[in-house]
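Chain and residue survey
Next come the chains, spelled out residue by residue.
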Amino acid sequence: MKKGLYYGILAVLLIIFLFSAYQIGDYLLEKYRSDQMINSASKFVTVEQGTATDGKPSGDPERIDVNFEELRKMNSDIVGWIYCANTKLNYPIVQGADNDYYLHRLLDGSWNSNGTIFMDYRNQPDFSDHNTMIHGHHMKSGAMFGELIQYKKQSFYDEHPYLYIMTEQQTYRLNLLAGCVVDSISDIYTTQLTEDMLNSCLSNSTFASQFSYQGGRLVTLSTCTYEYDDARYVVVGELLPVE
């Protein structure tokens, strides 16, 4: 009886071990495939070095140049590229017919839990709306919008107060105004952000911004957070064309 119980427990533990190993292996394989896909896209991206006050190169990868003609040969749904120097935020932006397709698919359409950074299907692809919404997963590895959560810390904002969004027509600097936790059905998820909603986000921001809103177009970056069920963390910035 005791021997049978021993082997029974051993069998259960072995099943748990094999299942856990499978889960870990599947996670690592998906991450590898996602990384490979992004690396393939990044071949068409060139880093532009910043300049110091004396006019010499600073060594910091301030901006990037994107070859959208070649990128669209990979996927015609690509509408932009998002980049923040010295972070993992360096990804193509796609737009599908809905907000479900790219939630769990890579650029080539293959299923993957990492998904792809995507623009809300309700937005105009040229960022001409008052508020353009961009969604991405909060991956534990820090991939996709996993690093967006770092804006809950003032110190991270102080080091990265803005980022860049590139389109085929224009390069934009996104001056970050606020970061806050909202419901998944919050009024912030609209192409025309109300003054009250923007002020609410500014009042509840996790960081104090060095910028003030100038009345221009906005971009809302959104990812999951876990303060409560269906919570989202959003970072709102003002879109300014770079000459």
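Here, the structure is the one placed above.
Heads up: these notes are all about the structure in this document. Quick caveat, the model's predicted, so the values are computed rather than measured.

What counts, and at which threshold
- Residues numbered from 1 in each chain as written.
- Predicted model: local features only at pLDDT ≥ 70, side-chain atom pairs only at ≥ 80, totals over all residues.
- Heavy atoms only, no water.
- Disulfide = S-S within 2.5 Å.
- Helix = DSSP H or I, 4+ residues; strand = E, 2+ residues; numbered from the N terminus.
- Buried < 20%, exposed > 50% of the residue type's maximum accessible area, 1.4 Å probe, protein only.
- Arc of directions from axis to C-beta.
- Contact = heavy atoms within 4.5 Å.
- Salt bridge = Lys/Arg side-chain N within 4 Å of Asp/Glu carboxyl O.
- Core = buried A, V, L, I, M, F, W, Y, C linked by side-chain atoms within 4.5 Å.

Bringing the state of the cysteines into the picture now. The final tally for this structure, using the stated rule, is one disulfide. There is a disulfide in this structure between Cys-180 and Cys-201, and the S-S distance comes to 2.5 Å. Linking Cys-180 and Cys-201, the disulfide has an S-S dihedral of approximately -100° and is accordingly described as left-handed. Here the residue Cys-180 occupies a position in strand 8 (residues 171–183), and Cys-201 occupies one in helix 4 (residues 195–203), the gap between them amounting to 21 residues.

Moving on: helix 4. Helical geometry: 3.6 residues make up each α-helical turn, so side chains three or four residues apart lie on a common side. Looking only at helix 4, the buried set comprises Met-197, Leu-198 and Cys-201. An end-on view of helix 4 places all buried positions within 100° of arc, on one side of the element. Pointing more than 90 degrees away from the buried face of helix 4 are the exposed residues Glu-195, Asp-196 and Ser-203. Packed against the buried residues of helix 4 are strand 8, strand 9 (218–224) and strand 10 (231–241).

Right, let's get into the environment of Val-182. Relative to the helices and strands, Val-182 is located in strand 8. Exposure remark for Val-182: the relative accessible area of 7% places this residue in the buried category. A sequence separation of 46 residues divides Val-182 from Tyr-228, and the C-alpha atoms of the two residues are 9.9 Å apart. Residues in contact with Val-182, not counting those within four places in the same chain, are Ile-188, Tyr-189, Tyr-228, Asp-230, Ala-231, Arg-232 and Val-234.

What follows concerns the pattern of salt bridges. Overall, the coordinates contain four salt bridges when judged by the stated rule. Among the salt bridges present, the one from Glu-168 reaches Arg-72, with a minimum N-O distance of 2.3 Å. With Glu-168 in the loop between strand 7 (162–166) and strand 8 and Arg-72 in helix 2 (residues 68–74), the pair connects residues that are 96 residues apart, well separated along the chain. Relative accessible area serves as the criterion here: at 43%, Glu-168 is assigned to the partly exposed category. One salt bridge connects Glu-227 with Lys-152, and the closest N-O pair in it is separated by 2.7 Å. Of this pair, Glu-227 sits in the loop between strand 9 and strand 10 while Lys-152 sits in the loop between strand 6 (131–135) and helix 3 (154–159), and the two are 75 residues apart along the sequence. By relative accessible area, Lys-152 is classed as partly exposed at 27%.

What follows deals with the nonpolar core. Nonpolar side chains in soluble globular proteins tend to end up buried together. Counting residues in hydrophobic clusters, the biggest one holds 46 residues, and the most contacted among them are Ile-93, Ile-134, Tyr-151, Leu-163, Ile-165, Ile-188 and Leu-221. Counting residues per element, this core draws most heavily on strand 8, at seven residues. Those residues in contact with Tyr-151 that lie beyond four places of it in its chain are Cys-84, Phe-156, Tyr-157, His-160, Leu-176, Thr-206, Phe-207, Tyr-233 and Val-235. The next biggest cluster of nonpolar side chains, apart from the first, holds 18 residues, and it includes Val-45, Tyr-83, Ala-85 and Tyr-164.

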